[in-house]
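# Per-entry structural report
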Amino acid sequence: IRDFVPQAELDAFSKDRWDSTEEYNTHRRAWQVGPTAYPGLTDQEYCKAEFTIEDLEEAKECEEMPGIPMEVAWHPEEEEFEKLWPMYKTMEDFYKESGWRNIESWFGPRGGYGDRFAWQVFFGGDASGATLHWHGPAFNNLYVGTKQWRVTPPQYRGLTGMPARDAQDYLDEVEPDVTLGCVQHAGDLMYIPEYWGHSTLTHAFTIGAAVIVPLDYHRPREISFLFVHINRTGGASIIKLLRDRCPNEFLEEDWGEEHSTFHTTAESFINHYGQDVWDKVHTFTIVRHPLARQVSNFFQLVGKCKEKSGLCKQRQVPESIQTNGIDGLTDDEKINAFHEWLVDMYAAYPPDNPKHYLFGSKAQGNQENASFNSTQTSWLVDHNDNIVVKQILKLEEIDDKIEEIANSIPCLANGAGEPASNSRSKAIEDQKAKIQLPHEHEAPPYPDWKRFALNEKTRSIIEEVYAADFRNFGYKWP
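Model, not experiment: these values are computed from the prediction. (Residues numbered from 1 in each chain as written. Predicted model: local features only at pLDDT ≥ 70, side-chain atom pairs only at ≥ 80, totals over all residues. Heavy atoms only, no water.)

### Notes on the state of the cysteines
So the rule is basically this: The disulfide definition used here is simple: a pair of cysteine sulfur atoms within 2.5 Å. Only DSSP runs of H or I reaching four residues or more are called helices, and only runs of E reaching two or more are called strands; each is numbered from the N terminus. Remark: exposure states derive from per-residue accessible area (1.4 Å probe, protein chains only) relative to the maximum for the residue type, with buried under 20%, exposed over 50%, and partly exposed in between.
In total, this model carries 3 disulfides according to the counting rule given. Here cysteine 47 connects covalently by a disulfide to cysteine 62, the sulfurs 2.3 Å from one another. Because the torsion about its S-S bond is 100°, the bridge between cysteine 47 and cysteine 62 counts as right-handed. Residue cysteine 47 is found in the loop between strand S1 (30–32) and strand S2 (50–52), and its partner cysteine 62 is found in the loop between helix H3 (53–57) and strand S3 (71–74); the two are separated by 15 residues along the sequence. We classify cysteine 62 as buried; its relative accessible area is 1%. The disulfide that involves cysteine 246 links it to cysteine 411, with 2.1 Å between the sulfurs. Measuring the twist about the S-S bond at about 100°, one finds the cysteine 246-cysteine 411 disulfide to be right-handed. Of this pair, cysteine 246 sits in the loop between helix H9 (235–245) and strand S10 (254–255) while cysteine 411 sits in helix H17 (residues 410–414); the two residues are 165 residues apart in sequence, bridging distant segments of the chain. Comparing cysteine 246 with cysteine 411 shows no difference in burial state: the two are buried.

### Some words on the packing of aromatic side chains
The cut-off we apply is this: Ring pairs are drawn from Phe, Tyr and Trp, using the six-membered ring of Trp, whenever the two centres fall within 6.5 Å, and their geometry is named by plane angle: stacked under 30 degrees, edge-to-face over 60, tilted for the rest. Charge-over-ring placement is defined geometrically: NZ (Lys) or CZ (Arg) within 6 Å of the ring centre, and within 35 degrees of the ring normal.
By the definition in use, this model includes 48 aromatic pairs. Relative to phenylalanine 123, the ring of tryptophan 31 lies with its centre 5.1 Å away and its plane at 85°, an arrangement referred to as edge-to-face. Of this pair, tryptophan 31 sits in strand S1 while phenylalanine 123 sits in strand S4 (residues 118–124), and the two are 92 residues apart along the sequence. Pairing tryptophan 106 with tyrosine 191 gives two aromatic rings, centres 5.4 Å apart and planes at 85°, and the pair type is edge-to-face. Of this pair, tryptophan 106 sits in helix H6 (residues 102–107) while tyrosine 191 is found in strand S7 (residues 189–192), placing the two residues 85 residues apart along the sequence. Residue placement shows arginine 29 over the ring face of tryptophan 31; its charged tip is 3.7 Å from the ring centre. If you follow lysine 394 out to its NZ or CZ, it ends over the ring of tyrosine 475, 4.6 Å from the centre.

### Remarks on unusual backbone geometry
Positioned with a positive phi, aspartate 3 is a non-glycine residue whose angle comes to about 50°. Mapping aspartate 3 onto the fold places it in the segment before helix H1 (7–12). Non-glycine residue aspartate 43 carries a positive phi angle of around 55°. You can see aspartate 43 is positioned in the loop between S1 and S2.

### Observations concerning the sheet that holds strand S9 (residues 225–228)
Selection rule: If DSSP finds at least two bridges between two strands, the strands pair. Orientation is described by axes fitted as lines to C-alpha atoms, over the contacting stretch for helices, and by angles from 0 to 180 degrees between their N-to-C directions. Contact definition: two residues touch when any of their heavy atoms are within 4.5 Å.
Read from one edge to the other, the open sheet built from 3 strands follows the order S9-S12-S13, with strand pairing classed as parallel. Looking at strand neighbours, the two that pair on one side only are S9 and strand S13 (391–394), the edges of this open sheet. Taken pair by pair, the neighbouring strands of this sheet meet at an average axis angle of 20°, ignoring direction. Pairing geometry for S9 and strand S12 (residues 282–287), over 4 bridges, is parallel. Each residue of the ladder has a partner; that of phenylalanine 227, found in S12, is phenylalanine 284. On the sheet, H9 packs against S9 and S12 and is oriented at approximately 155° with respect to S9.

### Some remarks on the pattern of salt bridges
Put simply, the rule is: Salt bridge, as applied in this entry: a Lys or Arg side-chain nitrogen positioned within 4 Å of an Asp or Glu carboxyl oxygen.
On inspection of all chains with the given rule, the structure shows 15 salt bridges. The partner of arginine 110 in a salt bridge is glutamate 92, with the nearest N and O atoms 2.9 Å apart. Taken as a pair, arginine 110 in the loop between H6 and S4 and glutamate 92 in helix H5 (residues 91–97) lie far apart in primary sequence, 18 residues in all. By relative accessible area, glutamate 92 is classed as partly exposed at 41%. Salt bridges linked by common partners bring Glu92, Glu104 and Arg110 together as one network.

### Some points on the packing of helix H12 (residues 290–304) against helix H15 (residues 331–348)
The following threshold applies: We call two directions roughly parallel when the angle between them is under 35 degrees, roughly antiparallel when it is over 145, roughly perpendicular when it lies between 65 and 115, and oblique otherwise.
In contact at an axis separation of 11 Å, H12 and H15 are set at 100° when each is read in the N-to-C sense. When the axes of H12 and H15 are compared, the pair comes out roughly perpendicular. Contacts from Leu291, Gln294, Val295, Phe298, Phe299 and Leu301 of H12 reach H15 at Lys334, Ala337, Phe338, Trp341 and Leu342.

### Some points on the pairing of strand S8 (residues 197–212)
Most of S8 is tucked away: 13 of the 16 residues are buried. For S4 and S8, the ladder comprises 7 bridges, and the chain directions are antiparallel. Note that in S8 the partner of valine 121 across the bridge is alanine 209.

Put into structure tokens, the structure is as follows:
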């Protein structure tokens, strides 16, 4: 929207005004700068030196990144709003009169959603900008300078660490049929819908601000399916597929102190959304051989010990492994370490222990349900201990069964998912191709799980603890 930002707001972001403040002085305040707004998202580093705004305006180069324009982005705290936008005395005035007034006029009163708005202020020199990326719905106001935009539909969105100019050159040269372009001047408002890919390239020095609003704020929540993601059953690959192909249908949210749709049991879903919703929508899950899941559990824990020592201590990982890891162990030593850990876990969290669920997983908020324990079955039952998930698939068969899920979730078959090909017709062909399940993790750093089946003590514990899983899902001891 052209010339949307009030003049007083533009004046507040002028050099003269910022130079009158200590917080944003263009000559004295030094900022952390990087080749993109958020280098960590693409495994890049910030520049070792900090730059002033004057440095950026004069196109100073980062010594270890010559030739790459630097960019700054930061998230202002609520108390900074009156410093950045001093002309608005209250937040109500801000949302009614500012360059952000379309947020509520388009989507309604912000209410409690306002606490989840993600604000940022950004600036950079000539040829800096945001490389290709995507996120939820966003409003972007430009206060100083000119920005060149490239925008792609959701099925052609992407994330890259290449500099903004290179990203735009690529889109213009390789993907011109799926790329839109426009130029934003100071005072213009740009709105980017959810999941649309976009990149910006600045012409001369620019300053602007943006806000990403929650998905459930601007559109009613319509639930069409729920995925019960049991830990260590390959669910991360399913979630990636749903994010890629069903971005508007796949529901992801947190509630309470610990609950998240990422790892929620059927009973927790029912308690949160209601029995009527649960009965109406398609529900599905993936299960795995109990021994294979427990082996995966152990080695996943071991890999987290350096960052989460408290978790490993709680879950009985031996101190020697917490300290030294498993990289130096032979396969036989890894197998023996698992057997010893399993015995220790059983002693610490036997079936009659209130925290028995820790034998199989973290609580994830599900511990408030009396039915929740270490078994996969406990993820799939209601408060009467009846299995209520409509579709149960085995990880061992998932590559051949994935299209069965698509029969109940049409967006899996219709979404493009992968980066665009060089033509629209080829993209359509790609969409019709067989759905391929992405595999999120590399080959595990341990022997084939069936080699762990030779220990009789391990067999006794696994068959006792996971008796319900063997019975309900038809698994046998290997």
